[in-house]
Structures are given as C-alpha cells and as structure tokens.
Amino acid sequence: MKKIFWTLTLILFLNIPAGAEEIVPHLTVYGTATIEATPDEMYWTLKVSNRGAHVEELARQHSDIVLSAISFIGDAGVLEENTQTAMMQFGENWTHQNGRRVQEGYFASSQISFKLIDFTQYQHLWIGLSKIKDMSIQNIGYGYSKHIEVQDKARLDALLAARKKADAMAKTLNVGLKDPLVIEENQEFAETRRSNMLMAREAGLGSGSNDTGGVALGKILIKSSVKVVYQMGAPE
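Residues numbered from 1 in each chain as written. Predicted model: local features only at pLDDT ≥ 70, side-chain atom pairs only at ≥ 80, totals over all residues. Heavy atoms only, no water.

## So, the pairing of strand β7 (residues 220–233)
Inference 1: Examined bridge by bridge, strand β1 (residues 26–37) and β7 share 12 bridges and lie antiparallel to one another. Directly across from A37, in β7, lies its bridge partner I220.
Inference 2: Summarising the sheet, strand β6 (residues 176–185) and β7 pair through 7 bridges and their orientation is antiparallel. Across the sheet, P180 pairs through a bridge with Y230, a residue of β7. (Pairing = 2+ DSSP bridges. Helix = DSSP H or I, 4+ residues; strand = E, 2+ residues; numbered from the N terminus.)

Structure, rendered in structure tokens:
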C-alpha cells in the first residue's frame, strides 16, 4: 500500500503546471479619466442622388448638382482642402412592376463631406443646401481640433487615477507596491473623432445663441482608460 501511495503522490506532483510556483503577488487596477471640450469643428455629410432615362443627361445633371453644392459651400467660407467628394456610384435603376423586375433608366450618386469651422454659417448652409434638388443632408457631427492633445492629457490623468487607487488599496491591505508589471491602454474605451466623440450632447437647436448660428454645442467627452498591474511586496 505504501508503494502505491508514493507512486500516486509522485504522479500528482509531476502534473503540477510548470511555473505555478512562480506566481508573483500582484495588484491589478483600472484608471479612467474624462475631459469635457467644447466643439470647434462641425463635420457635414451630404448625398447627391438622381435618376434619369438617358446616361449622358443623367451624368450632366449629377455633375451640375455636385458642382453647385461645392460652390455654395465654398462661398460660405469652407476651405477647398476641407471639402471632399467620395462614394461616386453609377448604374442601372431597377424596380418591380407586376411581380417583374424592370429597368427604369439609370441612377447616379455621390457623397460630399466638409468641415465647417465658422459655426455662424450653420443656418445659412442648412437653408441653402436644402434648396438644392436631389441632394440631402445625411449627417452633421462635432469634433475638437485639439483632440490629440486632450486625449494625451486624459491618458495621463487615467494613469494617475490608477496609481491613486492602487495606493489606497495597498494601504488598506497593508502591503507595498513595486514597479508596474503591466501597463495597458483600453483602445476600445477611447472615443475616436469620427464615431462616438462626434456625438455632442445638444440641448436642442432652438436654444443656441446667435454666435453659434442657432446650435447648442454641448460638450464632447474625451475619455481614456488604462490597466496597470503592480507587483506587491512588504510594506515600506
């Protein structure tokens, strides 16, 4: 029986995962920081879409609409380098009639995007662009020109918050903290300029001042989140 017992003990010992005895006592904390900024950039996305029976006439009309919109935008003070056309498409226009798929001429579409800095031009642009036939305003979002600088500051604030949290936890547990073992930034938490960061909290168009062209700018929330793993040791 003793021989069997020692054999089982040896087998169990050999099955212990390699490095299990090397686990380093550590403390994992997360730090977050949020900075509010007033938007100073406005991003517009327009769509031009028209249909016609003849290709040549359709192309000419589509080009005229795009050029008219770009000209109007430029007259409002938008710089040429801040205007872009994209997603140009052309093809056959198909519909369904009496259960059949029937071609009805052709279609053409384009997207126009531009950045507005002078917010006093908002109403002028909105009203003027809405008068252009076969063109629609798809989206208007907000941005901040110093986003990178503020994002860097938010990251440092998040690191300081993580350190403060770690110090408080270590003091409560009566342990000491050594050098960090891991420092990671949560990229999914940080908001990008063209997605969540553009979603400023608005109080409504009617409450805006004349200085901003009738727009309530609200605040853009620029966030950062970090993960820090500290090695624990004896209290100092």
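That shown, we press on.
## Observations concerning the nonpolar core
Looking at soluble globular proteins, one finds that nonpolar side chains tend to be buried together.
Inference 1: Formed by 29 residues in total, the largest nonpolar core has its most connected members in M42, W44, L46, I73, F114, L125 and L129.
Inference 2: For this core, the secondary structure elements donating two or more residues are β1, β2 (41–52), α2 (55–75), β4 (100–116), α3 (122–130), β5 (135–143), α4 (147–173) and β7.
Inference 3: Excluding its chain neighbours within four sequence positions, the residues that come into contact with L129 are W44, L46, F72, I73, F114, M135 and I137. (Core = buried A, V, L, I, M, F, W, Y, C linked by side-chain atoms within 4.5 Å. Buried < 20%, exposed > 50% of the residue type's maximum accessible area, 1.4 Å probe, protein only. Contact = heavy atoms within 4.5 Å.)

## Side note on α3
Structurally, the α-helix is built with 3.6 residues per turn, so residues lying three or four positions apart point the same way.
Inference 1: All of the buried residues along α3 are Y122, L125, G128 and L129. Here the buried residues of α3 occupy an arc of 145° about the axis, which is enough to place them on one side.
Inference 2: Those residues of α3 that are buried are in contact with β2, α2, β4 and β5. (Arc of directions from axis to C-beta.)

## Looking at the pattern of salt bridges
Inference 1: By the definition in use, this model includes 7 salt bridges.
Inference 2: Note that K153 is salt-bridged to D157, the shortest N-O span being 3.0 Å. Highlighted residues: K153 and D157, both in helix α4, separated by 4 residues, approximately one helical turn.
Inference 3: In this structure D157 comes out as partly exposed when scored by relative accessible area, which is 26%.
Inference 4: Beyond isolated ion pairs, a larger network of salt bridges with shared partners links E57, R60 and D64. (Salt bridge = Lys/Arg side-chain N within 4 Å of Asp/Glu carboxyl O.)

## Describing the side chain of T83
Inference 1: Mapped onto the elements of the fold, T83 is located in strand β3 (residues 83–97).
Inference 2: A polar atom in the side chain of T83 sits 3.4 Å from the backbone oxygen of L79.
Inference 3: Apart from the residues within four sequence positions on either side, T83 is in contact with I73, V78, I112, S113 and F114. (Polar contact = N/O pair within 3.5 Å; in protein donor to acceptor, adjacent residues only side chain to side chain.)

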